[in-house]
Amino acid sequence: TRELLGVHAQGIGDVSAVKYEKDIATLSVTRSYEEIRPGDRLLPTENLVLNAFFEPSAPDVDIDGLIMAVEKGVSQIGKLDVVFLNRGERDGIQDGNVLAIYKTGEVVADRVKGGKVALPDERAGLLMVFRTFEKMSFALVLETDRPLAVGDKIRNP
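Calculation rules
Residues numbered from 1 in each chain as written. Predicted model: local features only at pLDDT ≥ 70, side-chain atom pairs only at ≥ 80, totals over all residues. Heavy atoms only, no water. Phe/Tyr/Trp six-rings, centres within 6.5 Å; stacked < 30°, edge-to-face > 60°. Helix = DSSP H or I, 4+ residues; strand = E, 2+ residues; numbered from the N terminus. Buried < 20%, exposed > 50% of the residue type's maximum accessible area, 1.4 Å probe, protein only. Lys NZ or Arg CZ within 6 Å of the ring centre and 35° of its normal. Core = buried A, V, L, I, M, F, W, Y, C linked by side-chain atoms within 4.5 Å. Contact = heavy atoms within 4.5 Å. Pairing = 2+ DSSP bridges. Axes fitted to C-alpha atoms, helices over the stretch in contact; angles between N-to-C directions.

Q: Talk me through the packing of aromatic side chains; I want residue IDs and the actual numbers.
A: Across all of its chains, the model carries three aromatic pairs by this definition. Aromatic side chains Phe84 and Phe138 sit 4.8 Å apart centroid to centroid with 40 degrees between the ring planes, which places their arrangement in the tilted category. Here Phe138 lies in strand β10 (residues 137-144) and Phe84 lies in strand β5 (residues 82-85), a separation of 54 residues in the sequence. The class for Phe84 is buried, based on a relative accessible area of 8%. The structure contains a cluster of three or more aromatic residues connected by ring pairs, namely Phe84, Phe130, Phe133 and Phe138. Taking the ring centre of Tyr102 as reference, the NZ or CZ of Arg155 above it sits at 4.6 Å.

Q: Any chance you could break down the nonpolar core for me, citing the residues and the numbers?
A: Counting residues in each nonpolar core, the largest one holds 16 residues, and the members touching the most others are Ile67, Ile77, Val83, Leu85, Leu99, Leu127 and Ile154. When residues of this core are traced back to their parent elements, those giving at least two are β3 (64-70), β5, β6 (98-103), β9 (122-132) and β10. No other element matches the three residues that β9 contributes to this core. Apart from residues lying up to four places away in sequence, Leu99 is in contact with Pro59, Ile63, Leu85, Ile93, Gly125, Leu126, Leu127, Val129, Ile154, Arg155, Asn156 and Pro157. Core analysis: the second largest hydrophobic core is formed by five residues, Ala100, Tyr102, Leu126 and Met128 among them.

Q: Any chance you could break down the pairing of β3 for me, citing the residues and the numbers?
A: In this structure, β3 lies alongside strand β12 (residues 153-155), joined through three bridges in antiparallel fashion. What sits directly across from Gly65, in β12, is Ile154.

Q: Outline unusual backbone geometry, listing residues and values.
A: Despite not being glycine, Lys22 has its phi angle at roughly 60 degrees, a positive value. Locating Lys22 in the fold gives a position in the loop between β1 (13-21) and β2 (24-32). Take Lys22: its relative accessible area is 85%, and that puts it in the exposed class. Notably, Leu80 is not glycine yet its phi reads approximately 75 degrees, a positive angle.

Q: An account of the sheet that holds β9 is requested, with residue identities and associated values reported.
A: Strand order around the closed barrel formed by six strands is β3-β5-β10-β9-β6-β12, with antiparallel pairing between neighbours. The average angle at which neighbouring strand axes cross in this sheet is 45 degrees, direction not considered. Bridge count between β5 and β10: four bridges; the pairing is antiparallel. Within β10, the position partnered with Val83 by the bridge is Ala139.

Q: Any details on the pairing of β10? Residues and values, ideally.
A: The sheet contact formed by β9 and β10 spans seven bridges and is antiparallel. Looking across to β10, one finds that Leu126 is bridged to Glu143. Linking β9 to β10, which pair antiparallel, is a turn of four residues.

Okay, structure coming up:
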């Protein structure tokens, strides 16, 4: 739908203020995970508390969504990768929900009638949601039978 679901800010380091003067500050980099470049944004540290215990469950409503992205921006997805889903709290997703992952069925030549035919979607794995937002969620891939990719579908198990 092209609706903005959120903005993903990837943490690349930590800084502390050394000196303030009006609305300008001098900062000291205390830790970096990647190169810090001009134009990078500063955000306050988030005191994030993730639930360490999940009760796996099927969603209470029918879910029909897709994998939008994978952590670190790669395109291929495997077991234990963190993925971003285009479904969230407003769609009935809750922490601990387990969803099936489906690969879109291939379009192949129909050897009997001619033309093309779309094969059914095939189940390719399972994931569990561990963090929900209003319009999207983060999930951990628990099982996979084949390589997964951005754009693969998610549905109730």
